[in-house]
Amino acid sequence: MEIITSLDNKHIKNLSKLLIKKYRDQEDMFLVEGEHLVEESFKSGNLIELIKTEDYERDFDVPTTIVTYEVLKKLSSSVTPQKVIGVVKKLEEKKYGNKILILDNLQDPGNLGTIIRSSVAFNVDTIVLSENCVDLYNDKVIRSSEGMLFHINVIKRNIDEFIDEIHEEGYKVLGTKVTDGENVKKVEVPEKVAIIMGNEGAGVRCEILDKCDKYLYISMNKVCESLNVGVATSIILYELF
C-alpha cells in the first residue's frame, strides 16, 4: 500500500481542517487519536477511516491510509502524537429516555469530558448541551471523556425551549444551587427527571432556575464555598442514580 509522505497531500489537507469546529460542523466528522479512542469509535460503528503509520500493526475493518509520522502530526492536536488517528462520523441523536442531564453554558472541555464519563457510569440516558456550551467534538473533550462519548446520547438544544417541552411530557426539572434547596442525599427522584448544571463561574442562569420544579445542593463544610462543576455533577449523579 502506498505511503503518503507529503504534507501537501490533498486528502490530508482536507482531513486537517477537521481540527477546526467550523469544518467539523460542515462535514459532520471529527478526529480521534490513539488506539483506545479509535477502538471505541469502531465498536460504536462510527469509524469511517483509519490513518496510521507504517509501524502501527493493528488493523480495523475500515478504509485505511498509511502515512509518515510527520504527516500524522499534521492531523494531531497533541504535542507527541500517537501512531493512529480515526476519522469518525458525528454521533446520531437518540430518544432522550427518563434520566436527563442538562448543561447550561459549560465552557471547560475537561469538565465536559469528566461529566460524560460520570454520566455513563451513573446511568444518565441523555446529556443536553445548551447552544453556548463547549463543542462536544473538541479534542480535549474527546480525550478527557476516555471514549465514553460513544456510550451516551448527547444532543444540543435551546434549553429554555427544551425545558418547556419536557415539562409537557411529565418530567420534573431539578436545578442546582450552592446552598439553597434540598440536600441531594434526601431528594426523592421522580421517574422522569432532568438535572441542570451550570457554568463554571456563574452557575445556572436565573431564567433557567425559574423554570425548575425544585432546587438541590451538596452539603459540605463552610471552608469550601463550591466544587468544580465536574466533581459536583459526579456527586449528584451518584447520589441520585
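Structural data are supplied above this passage.
Caption draft 1: Region of interest: helix 3 (residues 35-43). Taken together, the buried positions of helix 3 are occupied by Leu 37, Val 38, Glu 40 and Ser 41. Within helix 3, the buried residues cover an arc of 160° as seen down the axis, which keeps them to one side. Tucked into the core, helix 3 has its buried residues touching strand 2 (29-33), strand 3 (47-53), strand 5 (84-89) and helix 6 (139-144). Once helix 3 finishes, Gly 45 follows within two positions and takes phi at roughly 85°, a positive value.

Caption draft 2: Region of interest: a nonpolar patch on the surface. On the surface, Val 178, Met 220, Leu 227 and Val 231 cluster together into a nonpolar patch covering about 290 Å² of accessible area. You can see Val 231 is positioned in helix 9 (residues 229-240).

Caption draft 3: A look at the side chain of Ser 16. Its place among the elements puts Ser 16 in helix 1 (residues 10-16). For Ser 16, a relative accessible area of 17% corresponds to the buried category.

Caption draft 4: Structural view of a negative patch on the surface. A cluster of acidic side chains, namely Glu 131, Glu 161, Glu 165, Glu 168 and Glu 169, defines a negative patch on the protein surface. Tracing the sequence through the fold places Glu 161 in helix 7 (residues 159-168). Classification of Glu 161 by relative accessible area gives exposed; the value is 54%.

Caption draft 5: Fine view of the side chain of Ser 144. Tracing the backbone through its elements, the reader meets Ser 144 in helix 6. There is a polar contact of 3.3 Å between the side chain of Ser 144 and the backbone oxygen of Val 141. Not counting residues within four places of it along the chain, the set of residues in contact with Ser 144 comprises Pro 109, Gly 110, Gly 113, Thr 114 and Arg 117.

Caption draft 6: Structural detail: the sheet that holds strand 3. Strand order in the open sheet formed by five strands is 1-4-3-5-2, and the pairing between neighbours is mixed. If you trace the sheet from one side to the other, it starts and ends with strand 1 (3-4) and strand 2, each paired once. Here strand 3 pairs with strand 4 (residues 64-67) via four bridges, running parallel. Across the sheet, Leu 50 pairs through a bridge with Thr 64, a residue of strand 4. Contacts from helix 3 reach strand 2, strand 3 and strand 5 within the one sheet, and its direction differs from that of strand 5 by about 30°.

Caption draft 7: Broad picture of the nonpolar core. One finds Leu 101 and Leu 103 to be the most contacted residues of the largest nonpolar core, which totals 44 residues. Counting residues per element, this core draws most heavily on helix 9, which supplies five residues. What Leu 101 contacts, discounting residues up to four positions off in sequence, is Ile 115, Ser 119, Val 124, Thr 126, Ile 127, Val 128, Ile 195, Met 197, Thr 233 and Leu 237.

Caption draft 8: Spatial organisation of the pairing of strand 11 (residues 193-197). For strand 11, the buried fraction is high: five of the five residues fall into the buried class. Side chains of strand 11 alternate between two faces, with Val 193, Ile 195 and Met 197 and Ala 194 and Ile 196 buried alike. Inspection of the sheet shows strand 6 (residues 99-103) paired to strand 11 by five bridges, in the parallel sense. Residue pairing in the sheet places Leu 103 in a bridge with Met 197 of strand 11. When strand 9 (residues 172-176) meets strand 11, the two strands line up parallel, connected through four bridges. The residue of strand 11 that forms the bridge with Gly 175 is Ile 196.

Caption draft 9: A look at the sheet that holds strand 12 (residues 214-217). Spatially, 8-7-6-11-9-12-10 is the arrangement adopted by the seven strands of the open sheet, whose pairing is parallel. The open sheet is flanked by strand 8 (153-157) and strand 10 (182-183), the only strands paired with a single partner. On top of the sheet, helix 7 reaches strand 6, strand 7 (126-130), strand 8, strand 9 and strand 11; it is set at about 160° to strand 6, its chief contact.

Caption draft 10: Examining the packing of aromatic side chains more closely. Under the criterion given, the structure shown has six aromatic pairs. Between Phe 42 and Phe 60 the ring centres are 5.4 Å apart and the planes differ by 65°, which places this aromatic pair in the edge-to-face class. Of this pair, Phe 42 sits in helix 3 while Phe 60 sits in the loop between strand 3 and strand 4; the two residues are 18 residues apart in sequence, bridging distant segments of the chain. Residue class for Phe 60 comes out buried when judged on its relative accessible area of 7%. Aromatic side chains Tyr 96 and Phe 162 sit 5.3 Å apart centroid to centroid with 80° between the ring planes, which places their arrangement in the edge-to-face category. Of the two residues, Tyr 96 is situated in the loop between strand 5 and strand 6 and Phe 162 in helix 7; the sequence distance between them amounts to 66 residues. In this structure, Tyr 96 and Phe 162 share a single accessibility class: buried. Site record: aromatic cluster; members linked through ring pairs are Phe 30, Tyr 137 and Phe 150.

How each quantity is defined
Residues numbered from 1 in each chain as written. Predicted model: local features only at pLDDT ≥ 70, side-chain atom pairs only at ≥ 80, totals over all residues. Heavy atoms only, no water. Buried < 20%, exposed > 50% of the residue type's maximum accessible area, 1.4 Å probe, protein only. Helix = DSSP H or I, 4+ residues; strand = E, 2+ residues; numbered from the N terminus. Arc of directions from axis to C-beta. Contact = heavy atoms within 4.5 Å. Patch = residues over 30% accessible without salt bridge, like charges linked within 9 Å, V, L, I, M, F, W, Y side chains within 5 Å. Areas by Shrake-Rupley, 256 points an atom, 1.4 Å probe, with all protein chains shown as cover. Salt bridge = Lys/Arg side-chain N within 4 Å of Asp/Glu carboxyl O. Lys, Arg positive; Asp, Glu negative; His and termini not counted. Charge placed at Lys NZ, Arg CZ, Asp CG, Glu CD. Polar contact = N/O pair within 3.5 Å; in protein donor to acceptor, adjacent residues only side chain to side chain. Pairing = 2+ DSSP bridges. Axes fitted to C-alpha atoms, helices over the stretch in contact; angles between N-to-C directions. Core = buried A, V, L, I, M, F, W, Y, C linked by side-chain atoms within 4.5 Å. Phe/Tyr/Trp six-rings, centres within 6.5 Å; stacked < 30°, edge-to-face > 60°.

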